[in-house]
Every structure is written in C-alpha cells, then in structure tokens.
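One-letter residues, chain by chain:
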Amino acid sequence: MNREDTIARLRGGRPVIAPSMLKCDYGNLNDEVARLASAGASVLHWDVMDGHFVPNLSYGAMVIAGMRDRSKLVFDGHLMISEPERYLDDYMKAGLDSITFHIEAVPEPASLLKRIRAAGKVAGLALNPETPAEAVLPFLNDCDMLLVMTVHPGFGGQQFMPDVLPKLAKLREAAGDRLISVDGGIAAETITAAATAGADVFVAGSAVFDAPDYGAAVTDLVRRASAAPRFSH
Ligand code: DX5
Ligand code: ZN
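Residues numbered from 1 in each chain as written. Chains lettered and ligands numbered in written order. Predicted model: local features only at pLDDT ≥ 70, side-chain atom pairs only at ≥ 80, totals over all residues. Heavy atoms only, no water.

A. How the structure looks around the overall build of the chain. The helix and strand inventory of the chain stands at nine helices and eight strands. In terms of overall size, the chain behaves like a compact globule, its C-alpha atoms giving a radius of gyration of 16 Å where 233 residues would be expected to give roughly 17 Å. Summarising its shape, the C-alpha atoms of the chain cover approximately 40 × 40 × 35 Å along the three principal directions. Excluding contacts between residues fewer than 6 apart, the proportion of contacts in the chain whose partners are at least 24 apart in sequence is 65%. As displayed, the chain offers around 9,700 Å² of accessible surface, 52% of which is attributable to carbon and sulfur atoms. (Helix = DSSP H or I, 4+ residues; strand = E, 2+ residues; numbered from the N terminus. Rg over C-alpha atoms; globule rule 2.2 N^0.38 Å. Contact = heavy atoms within 4.5 Å. Areas by Shrake-Rupley, 256 points an atom, 1.4 Å probe, with all protein chains shown as cover.)

Quick look at the structure:
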C-alpha cells in the first residue's frame with residue numbers, strides 16, 4: 001500500500017483500534033493474525049524492541065516479513081530501537097505500511113522521516129511520557145503521524161498514565177490533520193480520555209489479547225472512542 005492509501009485508510013477508519021502484537025501468542029502467530037482480522041481490526045501494531053533502547057526484546061523484520069503475505073491489514077511498525085537508521089531498510093522491505101521511531105533515539109529525525117516517506121510509507125515519530133511536545137514540534141512537516149506513549153515503552157500490560165493527556169491535547173492542536181496514535185494502557189476505562197484529548201489511532205495490547213473474544217473487545221473500544229465528543233458529530 002502506498003503512503004496516501006495508508007493515510008486514507010487510517011483517517012477513514014477513525015477511531016482506529018490497532019492491536020499490539022507484543023501481546024499475542026507467538027506460538028500461534030498465524031491464527032492470531034487471522035483472529036484479529038475476523039475481530040474487525042484494520043491495523044496490526046508491530047512492537048519492535050532491541051533490548052537496548054528499551055529493556056526488552058521482541059521480534060524483528062524477519063517475523064514481520066513472514067506475516068506480511070498472510071494479511072491485508074495495515075502493518076504499523078513501532079521501532080523501539082536505538083539507531084533505527086541502521087536497520088530502516090530491513091523494516092521497509094518487511095512490508096510495513098507505516099514506520100514510527102522514537103525522538104529520544106534520533107534527536108534530529110528529519111532525514112530519517114524523509115527516507116520513510118520517500119519509500120512510500122507513513123512516517124511517524126514517537127515520544128515517551130516524559131518527553132515534552134516541543135521535542136517533536138520542529139519536525140511536524142516531515143511527519144504523517146505522532147505516537148504518544150502513555151506508558152514507559154518496553155512492556156505490555158502497564159497502567160495508562162493520565163498525566164500525559166495534556167501533552168496529547170497540545171499535540172492535537174499543533175498537529176493539524178496529521179494522525180495521532182496513543183499507545184500504552186488503552187482499555188475500556190482509559191480510551192474515552194485518550195479519544196477526547198485527540199487520538200485517532202488507539203494501540204491496544206492487553207485490552208484485546210486478554211479478552212476472551214477479540215471481536216467484542218475491539219467493538220467495545222471502537223464504541224467508547226466513537227462516543228468521545230470529537231468523533232460523535
Ligand atoms: C509498549 C508497547 C505497546 C504495548 C501496549 O512498549 O509499545 O504497544 O504493547 O500494550 P498494552 O495495551 O497492554 O499497554
Ligand atoms: Zn507500541
């Protein structure tokens with residue numbers, strides 16, 4: 001999918017629930033991807049961790065590439081890695097439709113964002129809970145998407161940090177029609193606040209994978225986000 005098509009699909013699908021593959025059953029990845037498609041998910045969020053930028057290791061480009069041909073869903077890559085520039089080509093070739101890396105890993109991200117866009121992918125910039133909005137504002141012109149972390153990256157199943165909401169609202173104001181994704185602790189109890197503050201895409205790990213019925217979980221999250229004032233008119 002090219003960049004414009006990916007953006008149109010994400011924008012048209014708002015509020016988008018993006019299951020975080022960090023929380024899936026890796027012994028059964030193929031079935032998990034099929035179950036998520038039947039559950040009505042349109043995006044899969046692939047959390048890449050290197051054991052260096054974050055204190056955990058997940059999977060890399062080969063695993064994502066292996067699943068690419070088995071799914072037509074949007075593949076959204078979240079690179080929680082140091083020196084993403086060294087590995088970027090591998091992730092682009094793996095068939096990700098959007099690639100997000102961290103401003104804390106690349107304080108001068110313009111050229112990397114441009115490389116992602118030039119390859120026909122959606123370019124995203126992520127920021128950790130303690131990183132101020134100002135860190136990413138100078139680079140908005142090279143960005144299609146911001147990913148606002150509402151937990152410290154590295155692990156699923158952590159508690160949503162409501163202190164991040166004012167920053168999310170500030171970025172919503174500044175970001176114009178760019179997409180804003182929110183990641184960490186998104187669940188029935190927290191999604192309304194994140195939607196109201198301005199998120200378009202809601203990454204959800206535990207709230208989907210710990211539910212007995214993925215479809216019911218996705219539907220409930222969509223319903224709650226849709227009821228937020230900015231989606232409900
Ligand atoms: C955290 C990852 C998230 C995480 C979300 O480092 O970026 O995508 O897996 O999981 P939950 O929804 O359980 O917080
Ligand atoms: Zn993530």
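B. Molecular detail of the side chain of aspartate 142. Relative to the helices and strands, aspartate 142 resides in the loop between strand S5 (122–127) and strand S6 (145–149). Overall, the relative accessible area of 15% leaves aspartate 142 in the buried class. Among all residues touching aspartate 142, those that are not within four sequence positions of it are Ala110, Leu113, Lys114, Arg117 and Ala123. (Buried < 20%, exposed > 50% of the residue type's maximum accessible area, 1.4 Å probe, protein only.)

C. Fine view of the pairing of S5. S5 sits mainly inside the fold: six of its six residues count as buried. The alternating pattern of S5 places Val122, Gly124 and Ala126 and Ala123, Leu125 and Leu127 on opposite faces, both of which are buried. Inspection of the sheet shows strand S4 (residues 98–102) paired to S5 by five bridges, in the parallel sense. In the sheet register, threonine 100 faces S5, and the bridge partner there is glycine 124. In this fold, the crossover linking S4 to S5 by way of helix H5 (residues 110–118) has right-handed handedness. (Pairing = 2+ DSSP bridges. Right-handed = clockwise from strand over helix to strand, strands pointing away.)

D. A look at the coordination of the zinc ion (ligand 2). Within the protein, the atoms that donate to the zinc ion (ligand 2) are His45 (NE2), Asp47 (OD), His78 (ND1) and Asp183 (OD), at distances of 2.0 to 2.3 Å. Geometry at the zinc ion (ligand 2) is octahedral, judged from the six donor atoms that bind it and their angles of 69 to 171° at the metal. Summarised as a motif, the one-chain spacing of the donors to the zinc ion (ligand 2) is H-x1-D-x30-H-x104-D. A residue pair is termed long-range when its members are at least 10 positions apart, and histidine 45 in strand S2 (residues 43–49) and histidine 78 in strand S3 (residues 74–80) qualify at 33 residues. Side by side, histidine 45 and histidine 78 carry an identical accessibility label, which is buried. (Donors = N, O, S within 2.8 Å, 3.2 Å for Na, K, Ca; no water. Tetrahedral: all angles 85-135°; square planar, octahedral: opposite > 155°, others 65-115°.)

E. How the structure looks around the sheet that holds S2. Pairing is parallel in the open sheet, where eight strands are placed in the order S1-S8-S7-S6-S5-S4-S3-S2. Single-partner strands in this sheet number two, and they are strand S1 (16–19) and S2. Geometrically, the sheet is characterised by an average inter-axis angle of 25° between neighbouring strands, direction not taken into account. Relative to S4, S3 runs parallel, the two being bridged by four bridges. Within the sheet, the bridge partner assigned to aspartate 76 lies in S4 and is serine 98. Strands in contact with H5 are S4 and S5; relative to S5, the strand with the most contacts, it is inclined by about 145°. (Axes fitted to C-alpha atoms, helices over the stretch in contact; angles between N-to-C directions.)

F. Spatial organisation of the packing of aromatic side chains. Enumeration according to the criterion identifies four aromatic pairs in this entry. Look at tyrosine 26 and tyrosine 59: their rings are 5.8 Å apart centre to centre, the planes differ by 65°, and that puts the pair in the edge-to-face class. Within this pair, whereas tyrosine 26 is found in the loop between S1 and helix H2 (29–38), its partner tyrosine 59 is found in the loop between S2 and helix H3 (61–68), the two being separated by 33 residues in sequence. The class of tyrosine 26 is partly exposed, set by a relative accessible area of 40%. Taking the centre distance of 5.7 Å and the plane angle of 85° together, the rings of tryptophan 46 and tyrosine 59 count as edge-to-face. (Phe/Tyr/Trp six-rings, centres within 6.5 Å; stacked < 30°, edge-to-face > 60°.)

G. Molecular detail of the site of ligand 1. As a structural note, the neighbourhood of ligand 1 is formed by 20 residues, with Gly154, Gly157, Asp183, Gly205 and Ser206 the closest of them. Backbone polar atom of glycine 157 to an oxygen atom of ligand 1: 2.8 Å apart, as the coordinates give it. Here an oxygen atom of ligand 1 and a side-chain polar atom of aspartate 183 are 2.7 Å apart. With the chains in place, 99% of the 380 Å² that ligand 1 exposes on its own is no longer accessible. Elements supplying a minimum of two residues to the shell around ligand 1: S2, S3 and strand S8 (201–204). When residues of the shell around ligand 1 are assigned to their parent elements, the largest contribution, three residues, is made by S2. (Near = heavy atom within 4 Å. Polar contact = N/O pair within 3.5 Å; in protein donor to acceptor, adjacent residues only side chain to side chain.)

Function-wise, these values are silent; they only describe arrangement.
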